[in-house]
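# Summary of the model geometry
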Amino acid sequence: MNGSSTTTRSSRSARGALTTLVTWVLVLLFFFPVFWMVLNGFKPESLASSVDPTFIFKPVTEGYQLAMDRGMAGYLQNSLTAAVIATIISVVLAIPAAYALSIRRVNNVENSLSFFISTRFMPLAAIVLPLFMILKTVGLLDNIYMLAVVYGAMNLPVTVWMMRSFFLEVPFEIIEAARVDGAGMFREIVRIVLPLVLPGVAAAALISFIFAWNEYFLALLLTSSSARTTPPFLGSFVDGRGQFLAVLSAAATIAALPVIIAGWAAQKQLVRGLSMGAIK
Amino acid sequence: MSSASSSRRVPLALIIPTLLILLVALGYPIGWQVITSFQHYGMLQQFGQAPEWVGLDNYTALFTDGYLWVVIARSIVFCLVCAGGTVAIGGGMALLMRAVSTPARLILQVALLVAWAMPVVTSMTVWIWIVDWRRGVLNWLLTRLGGDFQGHNWLVEPLSFFAVAAVIVIWMSVPFVALSIYAGLTQVSPEVLEAAQIDGATGWQRLRHIILPLIAPVVSIVLLLQLIWDLRVFTQIKLLQDAGGFANETNLLGTYIYQLGTGAGDFGAAAAVSVIMLALTVAMSWYYVRSLMKEES
């Protein structure tokens, strides 16, 4: 009796050790590329592209300087403009839409909802050619504000969908009480509902920002010089010969930094927002 | 009565701007694709010459060419492998996150978030370096372990190209799936599991009969999302091709459209492939949207 309970305990602790080990291996697997990128950014070019991977070296800021010399600040500024405007557009439009899909329901919610959801699955390759042609015709290619509007529209379905699931969690009694007190709809949204769903709005805004900040394909095709954003700038270093590994890593670290910090800070909301978007 | 109809009209007004934007931003491209797919639309048309109406010619040419079928088959297999792998690994990781201590779980969660938030181009460059044939860490490691991998080029052979691409795509999609399924798992009440354990259910039985049925909706939705996303994979394949793969032997639907349109300037054919791809996607997402609606009601 005593012996059997000891074996279960020791087998349980062995299993605990195993799961912990597996967890650390996974952490390493997901962390290594990020870690390696940061490390390479501080190497001189010769060391970054050496055959034997180097882990210990004297850090230099050569890569960062080169990236800045190549005009990275301008690309970062474009990315920021596009991401901020896109986020504002999708959030401002998504709040009333999500409200009308959850609290004050439109008839045939299901139809509008399926429409929103299905637009999420449009293959990018199917959108980009016509978009390119029409922007070329009206002379809005390589225009950062146009790119921002495109991103805003692209993010809209996700934002609406995500916010709606947060709106659905607002207790109806609170809204009813506000209505009894004679609050109009505008007041109801701004004073009652929004404060309650603020974490959800923040999560949706953050995810919208990250999508726009990281977007590569549309930026590559719809911009060329003055409106070029950071991802295509990074992509221009990928040449299959790996000559610019240190510069690229430095530039990529700068580009990833805001997102990583935001992801770290808003971890809880992000996880919740992401899963809300998928599940509900 | 007027108040009843106005109370219905107001929410409609709230949603109309969004619907309009989506209709313009997404409806217009679809319309353009469908029309262009029935036209001869090449380089000259790009510079303003009127396109010639050719009916089903683009489609007949594509379907009889044989290459399109290869690309479709490739895309579907690649999409099935990636989506299946992602959900299996992500689900396993979600179960693991439940089993380990809180600090270990939090660190894994942060690692997943950081990997998810990395710009695709950025993580692609690291991955391209990992598999690089001259100075990649993969060859270095395998050679150290006693294999003969010095100078082995992983991107030249289509099969190993796709293996590399699948690993990268799965690596990029696992965070989202793992976090979603984990969120679903937190809904499973520990009391029920404890009761089952007291009744003598083994770990496997608890997983099979209690946990899996409860998270089945989340898993099926995440799986469908992955299927659709992996069918339209583009950036990863394009950048791997740039890094040394042969485009013709490694094209998937996304890169094929790109090659036809931007590369060869045959916008009519590119539009026809886009329409085919759209039909495939709609066929898949239709089921998804319907199952989601059932879930809600």
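Named according to an unreviewed UniProt entry, chain B is Carbohydrate ABC transporter membrane protein 1 (CUT1 family) originating from Humibacillus xanthopallidus. Its UniProt record gives chain B the following Subcellular location (unreviewed entry) comment, quoted word for word: "Cell membrane". Its UniProt record gives chain B the following Sequence similarities (unreviewed entry) comment, quoted word for word: "Belongs to the binding-protein-dependent transport system permease family."

Labelled according to an unreviewed UniProt entry, chain A appears under the name Carbohydrate ABC transporter membrane protein 2 (CUT1 family), originating from Humibacillus xanthopallidus. Under the Sequence similarities (unreviewed entry) heading, UniProt states for chain A: "Belongs to the binding-protein-dependent transport system permease family." The heading Subcellular location (unreviewed entry) in the UniProt record of chain A holds the text "Cell membrane".

All right, on to the interface of chain A and chain B then. Counting residues at the interface gives 91 residues for chain A, matched by 89 residues for chain B. For the pairing of chain A and chain B, the buried interface totals around 8100 Å² over both sides, and the portion due to carbon and sulfur atoms is 79%. Taken together, the connections running from chain A to chain B amount to zero salt bridges. The interface formed by chain A and chain B includes two residue pairs in polar contact (both at pLDDT 80 or more). Top element by residues in the side of chain A that touches chain B is helix α1 (residues 2-41) of chain A. It accounts for 15 residues. Broken down by class, the residue content of the side of chain A that touches chain B amounts to 65 nonpolar, 16 polar and ten charged.

Pairing of side chains with opposite charge becomes possible as their charged atoms draw close. All told, the structure shown has two salt bridges over all chains when counted by the stated rule. One salt bridge connects R179 of chain A with E188 of chain A, and the closest N-O pair in it is separated by 3.0 Å. R179 of chain A gets classed as partly exposed once you look at its relative accessible area, which sits at 31%. For the salt bridge of D242 of chain B with K238 of chain B, the shortest nitrogen-to-oxygen distance reads 3.1 Å. Separated by four residues within a single helix, D242 of chain B and K238 of chain B lie in helix α11 (residues 235-242), roughly one turn from each other.

Here the focus is unusual backbone geometry. Residue and element names in this part refer to chain A. The backbone of D142 sits at a positive phi, close to 60 degrees, despite the residue not being glycine. Tracing the backbone shows D142 in the loop between α6 (124-138) and α7 (144-167). Judged by its relative accessible area of 16%, D142 falls in the buried class.

The subject of this paragraph is the UniProt feature "transmembrane region" (unreviewed entry) in chain B. Residues and elements named next belong to chain B. UniProt records the feature "transmembrane region" (unreviewed entry) for residues 67-94, 106-130, 159-185, 210-229 and 267-289 in the present numbering. What you have in residues 67-94 is 100% helix and 0% strand, and the ends, taken at the C-alpha atoms, are 40 Å apart. The distance from the first to the last C-alpha atom of residues 106-130 is 27 Å, and the span holds 92% helix and 0% strand.

Attention now moves to the domain arrangement of chain A. All names here are of chain A. Assigned domains within chain A: domain 1 (2-41) and domain 2 (69-276). Counting residues at the interface gives five residues for domain 1 and eight residues for domain 2. Buried surface at the junction of domain 1 and domain 2, summed over both partners, amounts to about 460 Å²; 73% is from carbon and sulfur atoms. For domain 1, the biggest contributors to the area lost against domain 2 are M37, N40 and G41; these three give 79% of the whole.

Time to look at the side chain of K238 of chain B. The class for K238 of chain B is buried, based on a relative accessible area of 14%. In this structure, K238 of chain B is in contact with T255 and Y258 of chain B, ignoring residues within four places of it in sequence.

So, on to a nonpolar patch on the surface. Judged by side-chain polarity, L18, L21, V22, V25 and L29 of chain A come together as a nonpolar surface patch covering roughly 450 Å² of accessible area. Tracing the chain through its elements places L29 of chain A in helix α1.

Rules used in this analysis
Residues numbered from 1 in each chain as written. Chains lettered and ligands numbered in written order. Predicted model: local features only at pLDDT ≥ 70, side-chain atom pairs only at ≥ 80, totals over all residues. Heavy atoms only, no water. UniProt positions renumbered as here; feature names shortened; annotations may be inferred. Contact = heavy atoms within 4.5 Å. Buried area = accessible area lost by both parts, 1.4 Å probe. Salt bridge = Lys/Arg side-chain N within 4 Å of Asp/Glu carboxyl O. Polar contact = N/O pair within 3.5 Å; in protein donor to acceptor, adjacent residues only side chain to side chain. Helix = DSSP H or I, 4+ residues; strand = E, 2+ residues; numbered from the N terminus. Nonpolar A, V, L, I, M, F, W, Y, C, P; charged D, E, K, R; others polar. Buried < 20%, exposed > 50% of the residue type's maximum accessible area, 1.4 Å probe, protein only. Domains from an automatic or database assignment. Patch = residues over 30% accessible without salt bridge, like charges linked within 9 Å, V, L, I, M, F, W, Y side chains within 5 Å. Areas by Shrake-Rupley, 256 points an atom, 1.4 Å probe, with all protein chains shown as cover.

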